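# An overview of the molecular structure
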Amino acid sequence: MQALSFWPLKSGLLVGSRLEFELDCSCFVVSSKTRKRHSFVEQACFGSISSLVLVSSNRKFEGSKFLFLCEPKRSFLGSSVGVRWATELGEEVSTEDSSSSSVDHSEPQAVNGGEKNNSRVNVRELAFSLRAAKTADDVDAVLKEKGELPLQVFCAMISGFGKDKRLEPAVAVVDWLKRKKSESGSVIGPNLFIYNSLLGAMKQLSAFGEAEKVLSDMEEEGIVPNIVTYNTLMVIYMEEGEFLKALGILDLVKEKGFEPNPITYSTALLVYRRMEDGMGALEFFVELREKYSKREIGNDPDYDWKFEFFKLENFIGRICYQVMRRWLVKNENWTTRVLKLLNAMDSAGLKPSREEHERLIWACTREEHYIVGKELYKRIRERFPEISLSVCNHLIWLMGKAKKWWAALEIYEDLLDEGPEPNNLSYELVVSHFSILLSAASRRGIWRWGVRLLNKMEDKNLKPQSRHWNAVLVACSKASETTAAIQIFKAMVDNGEKPTVISYGALLSALEKGKLYDEAFRVWNHMVKVGIEPNLYAYTTMASVLTGQQKFNLLDTLLKEMASKGIEPSVVTYNAVISGCAKNGLSGVAYEWFHRMKSENVEPNEITYEMLIEALANDAKPRLAYELHLKAQNEGLKLSSKPYDAVVKSAETYGATIDLNLLGPRPDTKKRA
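Residues numbered from 1 in each chain as written. Predicted model: local features only at pLDDT ≥ 70, side-chain atom pairs only at ≥ 80, totals over all residues. Heavy atoms only, no water.

With that settled, the discussion passes to helix 28 (residues 622-634). Under the 1.5 Å per step criterion, the end-to-end length of helix 28 is 18 Å for 13 residues, consistent within 8% with the ideal 18 Å. Regarding helix 28, the residues found buried are P622, A625, Y626, L628, H629, L630 and A632. In this fold, the buried residues of helix 28 make contact with helix 26 (587-599), helix 27 (606-618), helix 29 (641-654) and helix 30 (660-663). Just downstream of helix 28, G636 is the residue with a positive phi angle, here 80 degrees. (Helix = DSSP H or I, 4+ residues; strand = E, 2+ residues; numbered from the N terminus. Expected span 1.5 Å × (residues − 1). Buried < 20%, exposed > 50% of the residue type's maximum accessible area, 1.4 Å probe, protein only. Contact = heavy atoms within 4.5 Å.)

As annotated in UniProt, the feature "repeat: PPR" (unreviewed entry) corresponds to residues 191-225, 226-260, 465-499, 500-534, 535-569 and 570-604 in the numbering used here. Taken end to end, residues 500-534 is 74% helix and 0% strand, and its first and last C-alpha atoms sit 10 Å apart. (UniProt positions renumbered as here; feature names shortened; annotations may be inferred.)

If you add up the space inside the second largest pocket, you get close to 690 Å³. Where the lining of the second largest pocket is concerned, the elements lending two or more residues are helix 19 (466-478), helix 21 (501-513), helix 23 (536-548) and helix 25 (571-583). Residue composition of the lining of the second largest pocket, by class: eight nonpolar, 11 polar and five charged. (1 Å grid on protein atoms, 1.4 Å probe; cavity = no way out; pocket = protein on both sides within 12 Å on 5 of 7 lines; lining within 4 Å. Points joined across faces, edges and corners; volume = space filled by probe spheres on them. Nonpolar A, V, L, I, M, F, W, Y, C, P; charged D, E, K, R; others polar.)

With that settled, the discussion passes to the nonpolar core. Among the nonpolar cores identified, the biggest contains 182 residues, and F154, M157 and L282 are the most heavily contacted of them. When residues of this core are assigned to their parent elements, the largest contribution, 11 residues, is made by helix 11 (residues 305-329). (Core = buried A, V, L, I, M, F, W, Y, C linked by side-chain atoms within 4.5 Å.)

Quick look at the pattern of salt bridges now. Taken as a whole, this structure holds 25 salt bridges when the rule is applied. Between E627 and R623 there is a salt bridge, and its shortest N-O distance comes to 3.8 Å. Residue E627 and its partner R623 are located together in helix 28, separated by four residues, close to a single helical turn. A residue is classified by how much of its surface remains accessible, and E627, at 42% relative accessible area, is partly exposed. Owing to a relative accessible area of 41%, R623 belongs among the partly exposed residues under this scheme. Salt bridges sharing common partners tie together D346, E375, R379 and R383. (Salt bridge = Lys/Arg side-chain N within 4 Å of Asp/Glu carboxyl O.)

Our focus in this paragraph is the environment of F243. Inspection of the secondary structure assignment puts F243 in helix 8 (residues 243-255). Once residues within four sequence positions are removed from consideration, F243 is found in contact with Y237, M238, V271, R274 and M275.

At a closest axis distance of 10 Å, the pairing of helix 7 (residues 227-240) and helix 9 (residues 262-275) adopts a crossing angle of 5 degrees. Considering the angle they form, helix 7 stands roughly parallel to helix 9. Each of I227, N231, M234, V235, M238 and E239 in helix 7 lies in contact with helix 9, whose residues at this interface are I263, T264, T267, A268, L270, V271 and R274. Here the residues of the contact of helix 7 with helix 9 are counted per class, giving eight nonpolar, three polar and two charged. (Axes fitted to C-alpha atoms, helices over the stretch in contact; angles between N-to-C directions. Parallel < 35°, antiparallel > 145°, perpendicular 65-115°, else oblique.)

Attention shifts here to the packing of aromatic side chains. Tallying each qualifying case throughout the model produces 14 aromatic pairs. Note on W524 and Y539: the rings are 5.5 Å apart at their centroids and 65 degrees apart in plane angle, and the pair reads as edge-to-face. Taken together, the positions of W524 in helix 22 (residues 517-529) and Y539 in helix 23 put the pair 15 residues apart, joining distant regions of the chain. A single burial state applies to W524 and to Y539, both of which are buried. An aromatic cluster of at least three residues, connected via ring pairs, comprises Y265, Y272, F284, Y303 and W305. Lying over the aromatic face of F128, R131 brings its terminal NZ or CZ to 3.8 Å of the ring centre. Its guanidinium or amino end placed over the ring of W334, R337 lies 3.9 Å from that ring's centre, counting from NZ or CZ. (Phe/Tyr/Trp six-rings, centres within 6.5 Å; stacked < 30°, edge-to-face > 60°. Lys NZ or Arg CZ within 6 Å of the ring centre and 35° of its normal.)

Moving on: unusual backbone geometry. A cis geometry characterises the amide bond from G419 onward to P420, with omega recorded as -5 degrees. With respect to the secondary-structure elements, P420 resides in the loop between helix 16 (405-418) and helix 17 (424-444).

Within the fold, N196 resides in helix 5 (residues 192-205). Given a relative accessible area of 9%, N196 falls into the buried group. Along the primary structure N196 and N226 are separated by 30 residues, whereas in three dimensions their C-alpha atoms are 9.0 Å apart. Filtering out sequence-adjacent residues up to four positions away, N196 remains in contact with N226, V228 and T229.

Bringing a positive patch on the surface into the picture now. A contiguous patch of positive charge, built from R443, R444, K478, K513, K515 and K583, is present on the exposed surface. Among the structural elements, R444 can be located in helix 17. (Patch = residues over 30% accessible without salt bridge, like charges linked within 9 Å, V, L, I, M, F, W, Y side chains within 5 Å. Areas by Shrake-Rupley, 256 points an atom, 1.4 Å probe, with all protein chains shown as cover. Lys, Arg positive; Asp, Glu negative; His and termini not counted. Charge placed at Lys NZ, Arg CZ, Asp CG, Glu CD.)

Turning to its location among the elements, R273 is positioned in helix 9. Nearest to the buried, unbridged R273 among oppositely charged side chains is E276, at 4.7 Å. In this structure the side chain of R273 is engaged in a polar contact, spanning 2.9 Å, whose partner is the side chain of Q322. (Polar contact = N/O pair within 3.5 Å; in protein donor to acceptor, adjacent residues only side chain to side chain.)

This part is about helix 15 (residues 389-401). Relative to the 18 Å expected for 13 residues at 1.5 Å per residue, helix 15 spans 18 Å between its end C-alpha atoms, a close match to the ideal helical length. Most of helix 15 is tucked away, with 10 of its 13 residues classed as buried. Elements that come into contact with the buried residues of helix 15 comprise helix 13 (354-363), helix 14 (370-383), helix 16 and helix 17. The positive-phi residue at the C-terminal boundary of helix 15 is K403, with phi of around 65 degrees.

Here the focus is the packing of helix 24 (residues 552-564) against helix 26. For the pair helix 24 and helix 26, the least separation of the axes is 14 Å and the interaxial angle reads 15 degrees. It follows from the interaxial angle that helix 24 and helix 26 lie roughly parallel. Taken as a pair, helix 24 and helix 26 cross one another with a handedness that is right-handed. Two secondary-structure elements touch here, helix 24 through F552, L555, D556 and L559 and helix 26 through V589, W593 and R596. (Left-handed = near helix turned anticlockwise from the far one by under 90°.)

As a further point, take the environment of V338. Relative to the helices and strands, V338 is located in helix 12 (residues 335-347). When sequence neighbours within four positions are dropped, the list of residues in contact with V338 reads M324, W327, L328 and V372.

Shown next, in the form of structure tokens:
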């Protein structure tokens, strides 16, 4: 193997050149008097496995602890692990001359043994041999012939066991160290770093129930926890769901005389994240920032607090975003909380990025989320030069789902005025909203509203389609607005839309209601001429037109044509004929069509009986009207009060004898469903 080169560092410690495997390390001397750490090494490079070679120097450290922390990329057990160890030396560290130091990389996973035993220790092999250990006896069977081993070997193995999800051998190693110290009076025994490694392993394995026992053991051994211990405990309590207990560690740290470090504060913020308490996390950060500005915290020279606080500020922004996203996907309606947290972030001077705003908009999927989506959209437009088109399309969809169609149209107008340029999806979404609005106008007969919607579509370069024109035509027909229907039909043709059977049917109905029978005939003939097959609705409208003109011979021809095309007259068709007869005072003809209807096996409904009873009663035929009313009752039909009143009034007027007891009580005046 190629010879390795070495170079001296400030501390006199030597490390090998960079090979294919790199460990991020920090080497410190911790003074027992000042408790300050002096950094010697920022990075050390080793071989292809997770071994540590501690090279001697010619310095002595009086009353100090030598701490070596490493983070490898691969474990000695084969998996990716982080090795953290510490070597607590005696009052004096014996060293050799640095010029005589050398490293043999033929066995790169080896670690030098103790002072008396200069043999090499293969850490990976040693850990592999202990992987099935469950008790201290199992460990003793493997290690009793190994002599004194450096504590960093045990730290490395314990951490490795944690990463490899093997808690039993990690606990067994610590138990063995305790037993060895008590039985033989050995200097080497569990120290603070051994216990921290064990707590870290428990954290990796989620074996949180064992943490209390480790703390008890530390207390029995007289080992005082440090800030690393408390940080690990905070994570353990958090993973257990003991959030208040985890946050209580902060007070305990100050009570024990330690100053929380950036890891402590970031862990506390993470606890609030797990609690989904965005307001609590934000309040904690604001209080922390105020203390930092007053120099009450952040005085530890071992940290670049300016940079660390910058990271904490980014972290709290991320936490608030994640909490709001969680609130939005809950089944409960937490939109108010989201809006409050957004305003609180503004007050705290936190400014989420455009991407975070947009991801929150994507989380808005329910009707009640429209107010959050609208607020986030407003913020993006005000604070950032651009916005994603897909986000705008999602908002247009969301506003439509929440029945906020005008808000959706405003977003579309912004796309036209400010960008980005709308695409086909934007167009289809807005047109679908107009379709919903026009359908509502059609159902309610609000024809003026429908006309305004058509004008609005044309103003926004949205070409109305035949279904939109038809919706307004139907609204005009229901409102008996014949002139408006004619104008809409002409505008539809002028705009290049081909009228459908629905268009012709709506126009025919409007003309029939306006008693423009000749115009209705011309429209009918034009419809047939252009090859549009009439449907049942169109035939029913023409039956009403022919009845109004009293052209019953043509009406018979029309019904035969329907039969030849396989279109059976419905109860609505016969009702249109009976209604037309009733309006023209032809109660006898109406009664004949009633019987014809029955002969064609078309069952009359409440509307049929009500129109015919009223026609007969008004035409001086109270007795026949009375009998029809009883017949409807016997068939289980619920008639309104109008035919009841017509029968009673006609009987009184024309002196007919009827039994009101048989008619029963007068129906209430509530509108029939």
